[in-house]
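What the coordinates show
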Amino acid sequence: MADNKMNDNQENEETMKNEETISTEPENESDGLSEEPAADLGDVQENTEEEEMTGKTADSKEGEKKGFFKKDRKKDKKDELIEELTDKYKRTFAEFDNFRKRSEKEKASMYEIGAKDIIEKILPVVDNFERGFKAVSEEEKNTPFAEGMDKIYKQLLTTLNECGVSEIEAEGREFDPNLHNAVMHVEDETYGDNEVIEVLQKGYMYKESVVRHSMVKVAN
């Protein structure tokens, strides 16, 4: 009987120990579960703050980039406007310069046309002086009247020469249709081909243009 009681007591003690062990393990497990989530929440909050800071930084950089590009776009528009205005100025200046040159050329041509018209009206007076001198005899050439007419004739030629009028050289030269007007033609072996042998009426030029062609006789 005493042995049975001892065995029962031992069994009861072992049973109580097992129950205590079982009761303590859940507590430890619950403690571990309760502590770990707390640590995880802290990490989540830190990560969230870091993400917010990163987002703000990225937003600020994007804003700076946008502002930079906006400035560039404004600068490009100004440059385009400057280039456009510069191009318009160059075109306008070129057109005005062409207009000025054209106007000066037209004025010069109008002046030349007017001068040639006046010279053409004066040349018959020169022709009459020359015809008059041919009609004067050798005895009358030394008279005061003839000498006075000769001085007036020379003064007239000098004035025309100063204005740019010059006589066309013809006699002894080859016939040039641009300068000479052939009214007579003779066959003479003593002269060259197309040689001007006589001037019937003098021709004149005003600067580089012909005012009146020379009326000439051409040989061969």
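Above this note sits the structure.
Rules used throughout
- Residues numbered from 1 in each chain as written.
- Predicted model: local features only at pLDDT ≥ 70, side-chain atom pairs only at ≥ 80, totals over all residues.
- Heavy atoms only, no water.
- Helix = DSSP H or I, 4+ residues; strand = E, 2+ residues; numbered from the N terminus.
- Polar contact = N/O pair within 3.5 Å; in protein donor to acceptor, adjacent residues only side chain to side chain.
- Contact = heavy atoms within 4.5 Å.
- Pairing = 2+ DSSP bridges.
- Axes fitted to C-alpha atoms, helices over the stretch in contact; angles between N-to-C directions.
- Core = buried A, V, L, I, M, F, W, Y, C linked by side-chain atoms within 4.5 Å.
- Buried < 20%, exposed > 50% of the residue type's maximum accessible area, 1.4 Å probe, protein only.
- Phe/Tyr/Trp six-rings, centres within 6.5 Å; stacked < 30°, edge-to-face > 60°.

1. A short note on the side chain of Arg212
- Of note, Arg212 is situated in strand S5 (residues 209–212).
- At 2.8 Å, the side chain of Arg212 and the side chain of Asp127 are in polar contact.
- Residues in contact with Arg212, not counting those within four places in the same chain, are Leu123, Asp127, Ile168, Gln201, Lys202, Gly203 and Tyr204.

2. Regarding the sheet that holds strand S3 (residues 195–201)
- One open sheet holds the 3 strands; their spatial order is S2-S6-S3, and the pairing between them is mixed. Each edge of the open sheet is held by one strand with a lone partner, namely strand S2 (180–186) and S3. Neighbour-to-neighbour, the strand axes of the sheet open up by a mean angle of 35°, direction not taken into account.
- As paired elements, S2 and strand S6 (residues 214–219) share 6 bridges and run parallel to each other. Paired with His180 across the two strands is Ser214, which belongs to S6.

3. Quick word on unusual backbone geometry
- At Asn194, a position not held by glycine, the phi torsion is positive, near 55°.
- Not every positive phi belongs to a glycine, and Asn220 is a case in point at roughly 60°.

4. A closer look at the nonpolar core
- The biggest cluster of nonpolar side chains holds 11 residues, and these are Ala115, Ile119, Leu123, Val126, Phe129, Tyr153, Leu160, Val165, Tyr204, Tyr206 and Val211.
- Broken down by secondary-structure element, the contributors of at least two residues to this core are helix H1 (2–135), helix H2 (144–162) and strand S4 (204–206).
- The biggest single contributor to this core is H1, with 5 residues.

5. Looking at the packing of aromatic side chains
- On inspection of all chains with the given rule, the structure shows 4 aromatic pairs.
- Seen from their ring centres, Tyr89 and Phe93 are 6.2 Å apart, and the 25° between their planes marks the pair as stacked. Linking Tyr89 with Phe93, this pair stays in helix H1, spanning 4 residues, or about one helical turn.
- What makes Tyr89 exposed here is its relative accessible area of 55%.
- Their ring planes at 35° and their centres at 6.4 Å tell us that Phe129 and Phe133 sit as a pair that is tilted. With Phe129 and Phe133 both in helix H1 and 4 residues apart, this pair spans about one turn of that helix.

6. With respect to the pairing of S5
- Pairing of S4 with S5 involves 3 bridges; the strand directions are antiparallel. Each residue of the ladder has a partner; that of Tyr206, found in S5, is Ser209.
- Connecting S4 to the antiparallel partner S5 that follows it, the hairpin turn spans 2 residues, and Lys207 within it adopts a positive phi of roughly 60°.

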